[in-house]
Structures are given as C-alpha cells and as structure tokens.
Amino acid sequence: DIKATVKQAVDPVERAFEEQHAKAQKAFDEVKAKLKDTENTYLTKLSSTGADTDERIVKLNDAVQRAQTEYDSELLKSTGMANSLFTLINDAEHELSISGVMKQKDASQRQAALNRRADHLHGEIDRTYGTTNAALAASMKHTVSASHDEMAKVVSEDRKSTRLNS
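Note that the structure is predicted; figures quoted are calculated from it, not measured.

Caption draft 1: Just the overall build of the chain, in detail. A count of helical and extended segments in the chain gives 4 helices and 0 strands. Going residue by residue from the N terminus, the α and β elements of the chain occur as α-α-α-α. Here the chain, with 166 residues, has 10% of them falling under the buried criterion. By sequence separation, contacts in the chain at least 24 residues apart represent 44% of the contacts at least 6 residues apart. Accessible area of the chain: about 13,500 Å², with a carbon and sulfur share of 59%.

Following this line, the structure appears as structure tokens:
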C-alpha cells in the first residue's frame, strides 16, 4: 500500500518533470541546431574569405614577381647605359690626357687639344668647388694654368722642331 501511495504522489511530479525535461531538451536541441547553423554559416564565410584571401595573395605574388622582373630589366638597361657612359667618359678623359694631347698629328691639333684640356679642367674645378671654396678653386685653377703654360711651351717647341726637320 505504501508503494501505491508513493506512486500516486510521485506520478504527477514525475509527469511534470518529464514534461519539463522534454521541453528543456527540445529548447536545448533548438539552440544546438541554431548554433550548428551559425557555425556552418561562419565556416562557409570563413572558407570563402580564405579562398578570396588566397586568390588575392596569389595575385599580389604575381604582381611582385612582375615588378621584380621589370626592375631587373631596368637595372640591366641602366647598367648597360652606365657602362656606355663610362666608356665615353674614359675615351674623353684619354683624349684630354697628356698622352692624348701629344698623340695629335700636328702642333696646331696638339695646341687645340691642350686648350680643350685646360678648359675642361677649369670647368671641373668650377663644378666641383664653385663658390663654396673659392680660394681652393682659384689655387687649383692657377696650378692648371701654370701646367697649361708649360705644356704649351712643349707643344710650341715641338712645332719649331717639326719645322726645322722639314
């Protein structure tokens, strides 16, 4: 009889508990399903964002490679141009050197080469020192002029010896 009394007292509570448990389980399952949907939505977005990011990275890498290739090409061109300029400068420097002056065919050509040399040296002094160090520039120009005068004497003596030999 106690069993029946306990069962009578527990049955309504047990049914209420089972109903509440069923409601709670249903609510939990709904939340779980919504979380799963949200997770899937974010994973899909993340996946598409990752693919988009990968695509952008590939495009950027391609752009970097193209830029590097273009830079290398321009560097090669500029190196070639610089080498050509150095060759021209070296040729011009040789023409302005003492041996270049003396290799001219006759005395008047040597005198003209000597004058070009002196003008070039004076121009370089002005370009290098200009007004920033006028005293040094004046001293250097004086030295170039004195050297030029001595070389002019050598050239004129060579002219005289050429006339005597003819």
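That shown, we press on.
Caption draft 2: Quick look at a nonpolar patch on the surface. Residues Ile2, Val6 and Val10 make up a contiguous nonpolar surface patch of about 280 Å² in total accessible area. Residue placement: Val10 occurs in helix α1 (residues 2–96).

Caption draft 3: Highlighting helix α3 (residues 107–129). For α3, built from 23 residues, the straight-helix expectation of 33 Å at 1.5 Å per residue is met to within 8% by its first-to-last C-alpha distance of 33 Å. Along α3, the residues classified as buried are Ala107, Arg110, Ala113, Leu114, Arg117, Ala118 and Ile125. Gly130 lies just past α3 and shows a positive phi near 45°.

Caption draft 4: View of the confidence of the model for the chain. Across the chain, the average pLDDT comes to 79, with 82% of residues at or above 70. When mean pLDDT is compared element by element in the chain, α1 scores highest at 83, while helix α2 (residues 98–102) scores lowest at 65.

Caption draft 5: Layout of the pattern of salt bridges. With the rule as written, the count across this model stands at 3 salt bridges. Of the charged contacts, one joins Lys59 and Glu55 as a salt bridge, the two residues approaching to 3.4 Å between their closest N and O atoms. Within this pair, Lys59 and its partner Glu55 are both found in helix α1, separated by 4 residues, close to a single helical turn. Given the relative accessible area of 52%, Lys59 is considered exposed. Salt-bridge contacts for Glu74 lead to Lys77; the nearest nitrogen and oxygen are separated by 3.5 Å. Residue Glu74 and its partner Lys77 are located together in helix α1, separated by 3 residues, close to a single helical turn.

Definitions and limits used
Residues numbered from 1 in each chain as written. Predicted model: local features only at pLDDT ≥ 70, side-chain atom pairs only at ≥ 80, totals over all residues. Heavy atoms only, no water. Helix = DSSP H or I, 4+ residues; strand = E, 2+ residues; numbered from the N terminus. Buried < 20%, exposed > 50% of the residue type's maximum accessible area, 1.4 Å probe, protein only. Contact = heavy atoms within 4.5 Å. Areas by Shrake-Rupley, 256 points an atom, 1.4 Å probe, with all protein chains shown as cover. Patch = residues over 30% accessible without salt bridge, like charges linked within 9 Å, V, L, I, M, F, W, Y side chains within 5 Å. Salt bridge = Lys/Arg side-chain N within 4 Å of Asp/Glu carboxyl O. Expected span 1.5 Å × (residues − 1). pLDDT = per-residue confidence, 0-100.

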